[in-house]
Amino acid sequence: MLSLFEIPAFLPCATSTLNYSADVLPPSIQTANLWMSSGNTPAPLQYQPDHQFRCLISGRWDLIFIDPQLKDKVAIKEPVPDVKRGYTEMDIEMINLFKYKRVKDAPWTWATIRPGDCVYIPAGYVYQLRSHGRAIGVNVLINPAATFEEKCDKIGTKSIPLHKVLTMWTTKEQRKVPTVIGGEDLHMDAGIAHRVVLAMLRNEYRLTLNQFKDDYEQIMFGVPDSGEATDAFMVLDTINKGYISRDEIESLSESALQFLGLLLDASRHTHQHQHEEL
């Protein structure tokens with residue numbers, strides 16, 4: 001099915017802006033998701049930690065954009081500190097201006113997206129999306145550390161099918177699973193574990209426990225006996241600072257990365273038990 005959907009070829013062309021010394025950098029594209037809606041479904045006012053490149057195949061999207069510097073005026077809170085993901089506590093369908101008086105001081109812009117249109121939403125930018133009628137689209141998440149080099153300019157208007165796009169993550173049984181090139185039978189080695197940690201870091205200069213936990217719990221969702229994210233993080237943060245710096249991530253030991261790879265590998269080789277109805 002992925003071969004039926006195409007994205008602009010310049011997206012996979014992006015590379016990391018950070019000067020990592022790791023042998024293999026994480027792919028710039030985190031994941032590509034197919035979005036389907038039955039219509040009249042408003043998303044909350046929010047912001048996300050990754051760049052988004054949304055393309056509409058059918059239907060209609062209406063989007064509202066608000067400068068992230070004004071997020072305090074629209075009652076947006078981060079459920080988890082450091083993760084750079086936030087949602088408004090307001091009822092977007094009927095905003096109480098008596099309670100949220102500062103909303104009127106937040107200017108906004110809007111866009112209507114129709115089939116064939118794409119919209120770019122920078123990481124951290126406040127937006128709200130509403131679909132009208134049945135809507136089908138693709139959302140490509142891009143690592144905010146990515147940049148587009150001169151070689152990308154030569155690609156022009158070409159497109160590429162999604163099945164040819166290398167992504168950092170795939171989805172398996174509701175889990176976010178690191179991509180391993182070469183097939184399901186291969187296991188994660190230290191190099192893949194290193195890419196995972198670099199992808200978690202994004203464009204920050206340190207990775208906190210909260211950031212690591214947010215990704216780790218998505219990777220390990222539904223995996224039995226997967227252990228606590230705090231214990232896994234201690235493999236990296238050996239002196240219990242609560243964070244690891246970018247320099248420390250670049251120089252992680254082979255043994256620490258191999259152990260983390262073994263933990264993460266459980267997300268790829270775990271299958272949910274299915275039962276036949278009696």
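Just above, that's the structure.
Predicted, not measured: the structure shown is a model, and the values here were computed from it.

Undergrad: Residues and numbers for the overall build of the protein chain, please.
TA: When helices and strands are tallied, the protein chain shows six helices and 17 strands. The buried share among the 278 residues of the protein chain stands at 46%. Long-range contacts, defined here as pairs at least 24 residues apart, represent 82% of the contacts in the protein chain between residues at least 6 apart. Total accessible area on the protein chain is roughly 15,500 Å²; 53% of this is exposed by carbon and sulfur atoms.

Undergrad: I'd love a proper account of the packing of aromatic side chains, names of residues and values included.
TA: This structure, assessed with the given rule, holds two aromatic pairs. Pairing Phe 212 with Tyr 216 gives two aromatic rings, centres 5.4 Å apart and planes at 20 degrees, and the pair type is stacked. Of this pair, Phe 212 and Tyr 216 both sit in helix α3 (residues 209–219), four residues apart, which is roughly one turn of the helix. The same class applies to Phe 212 as to Tyr 216, namely buried. With a centroid separation of 5.2 Å and an interplanar angle of 50 degrees, the aromatic rings of Phe 212 and Phe 233 are classed as tilted. Residue Phe 212 is located in helix α3, and its partner Phe 233 is located in helix α4 (residues 229–234); the two are separated by 21 residues in the primary sequence.

Undergrad: Explain α3 to me, and be specific about the residues and the numbers.
TA: If you check which residues of α3 are buried, you get Gln 211, Phe 212, Asp 214, Asp 215, Tyr 216 and Ile 219. Elements that come into contact with the buried residues of α3 comprise β14 (169–172), β15 (175–178), α2 (190–201), β16 (206–208), α4 and α6 (254–265).

Undergrad: Just give me the short version of the nonpolar core, but keep the residues and values in it.
TA: Leu 207, Phe 212, Ile 249 and Leu 264 are the most contacted members of the largest nonpolar core, which totals 29 residues. Elements with a minimum of two residues in this core: α2, α3, α4 and α6. If you tally residues by element for this core, the top one is α2, at nine residues. Residue contacts for Ile 249: discarding those within four places in its chain leaves His 194, Val 197, Leu 198, Leu 201, Leu 207 and Ile 244. Counting 13 residues, the second largest nonpolar core, distinct from the first, contains Ala 9, Phe 53, Cys 55 and Val 140.

Undergrad: Requested: an account of the layout of surface pockets, with residues and values cited.
TA: Counted as a void, the largest pocket has a volume near 770 Å³. Looking at the lining of the largest pocket, the element that brings in the most residues is strand β11 (residues 126–142), giving eight residues. For the lining of the largest pocket, a count of residues per class yields 13 nonpolar, 15 polar and eight charged.

Undergrad: Tell me about α6, and please be specific about residues and values.
TA: Three- or four-residue spacings in an α-helix give side chains the same orientation, since the helix completes a turn every 3.6 residues. The first and last C-alpha atoms of α6 sit 16 Å apart over 12 residues, in line with the 16 Å expected at 1.5 Å per residue. Those residues of α6 that fall on the buried side of the exposure criterion are Ala 256, Leu 257, Leu 260, Gly 261, Leu 264 and Asp 265. Considered in projection along α6, the buried side chains sweep an arc of 165 degrees and stay on one side of the axis. In α6, the exposed positions angled more than 90 degrees off the buried face are occupied by Ser 255 and Leu 262. Buried residues belonging to α6 abut α2 and α3.

Undergrad: Can you lay out the environment of Arg 85 for me, pointing to particular residues and giving the numbers?
TA: In this fold, Arg 85 is placed in the loop between β7 (76–77) and β8 (86–88). Each C-alpha atom, one on Arg 85 and one on Gly 124, is 7.4 Å from the other, the two residues being 39 residues apart in sequence. Setting aside residues up to four positions removed in sequence, Arg 85 forms contacts with Tyr 47, Gln 48, Pro 49, Lys 77, Glu 78, Pro 79, Asp 214 and Gln 218. A distance of 3.1 Å separates a polar atom in the side chain of Arg 85 from a polar atom in the side chain of Asp 214.

Undergrad: Residues and numbers for the side chain of Gln 52, please.
TA: Here Gln 52 is to be found in strand β6 (residues 51–66). Relative accessible area serves as the criterion here: at 3%, Gln 52 is assigned to the buried category. A polar atom in the side chain of Gln 52 sits 3.1 Å from the side chain of Tyr 127. Leaving out residues up to four positions away in the same chain, Gln 52 has contacts with Val 119, Tyr 120, Ile 121, Tyr 127, Asn 139, Val 140 and Leu 141.

Undergrad: Go over the pattern of salt bridges, please, and point to the residues and values.
TA: The tally for this structure, following the rule as stated, stands at 12 salt bridges. For the salt bridge of Asp 105 with Lys 104, the shortest nitrogen-to-oxygen distance reads 3.4 Å. The partly exposed category is assigned to Asp 105, whose relative accessible area is 41%. In this structure, Lys 176 engages Asp 215 in a salt bridge whose closest nitrogen and oxygen atoms are separated by 2.3 Å. Residue Lys 176 is found in strand β15, and its partner Asp 215 is found in helix α3; the two are separated by 39 residues along the sequence. Per residue, the accessibility class of Lys 176 equals that of Asp 215, and both read buried. One salt-bridge network, in which partners are shared between bridges, spans Asp 50, Lys 176, Arg 202 and Asp 215.

About the criteria used
Residues numbered from 1 in each chain as written. Predicted model: local features only at pLDDT ≥ 70, side-chain atom pairs only at ≥ 80, totals over all residues. Heavy atoms only, no water. Helix = DSSP H or I, 4+ residues; strand = E, 2+ residues; numbered from the N terminus. Buried < 20%, exposed > 50% of the residue type's maximum accessible area, 1.4 Å probe, protein only. Contact = heavy atoms within 4.5 Å. Areas by Shrake-Rupley, 256 points an atom, 1.4 Å probe, with all protein chains shown as cover. Phe/Tyr/Trp six-rings, centres within 6.5 Å; stacked < 30°, edge-to-face > 60°. Core = buried A, V, L, I, M, F, W, Y, C linked by side-chain atoms within 4.5 Å. 1 Å grid on protein atoms, 1.4 Å probe; cavity = no way out; pocket = protein on both sides within 12 Å on 5 of 7 lines; lining within 4 Å. Points joined across faces, edges and corners; volume = space filled by probe spheres on them. Nonpolar A, V, L, I, M, F, W, Y, C, P; charged D, E, K, R; others polar. Expected span 1.5 Å × (residues − 1). Arc of directions from axis to C-beta. Polar contact = N/O pair within 3.5 Å; in protein donor to acceptor, adjacent residues only side chain to side chain. Salt bridge = Lys/Arg side-chain N within 4 Å of Asp/Glu carboxyl O.

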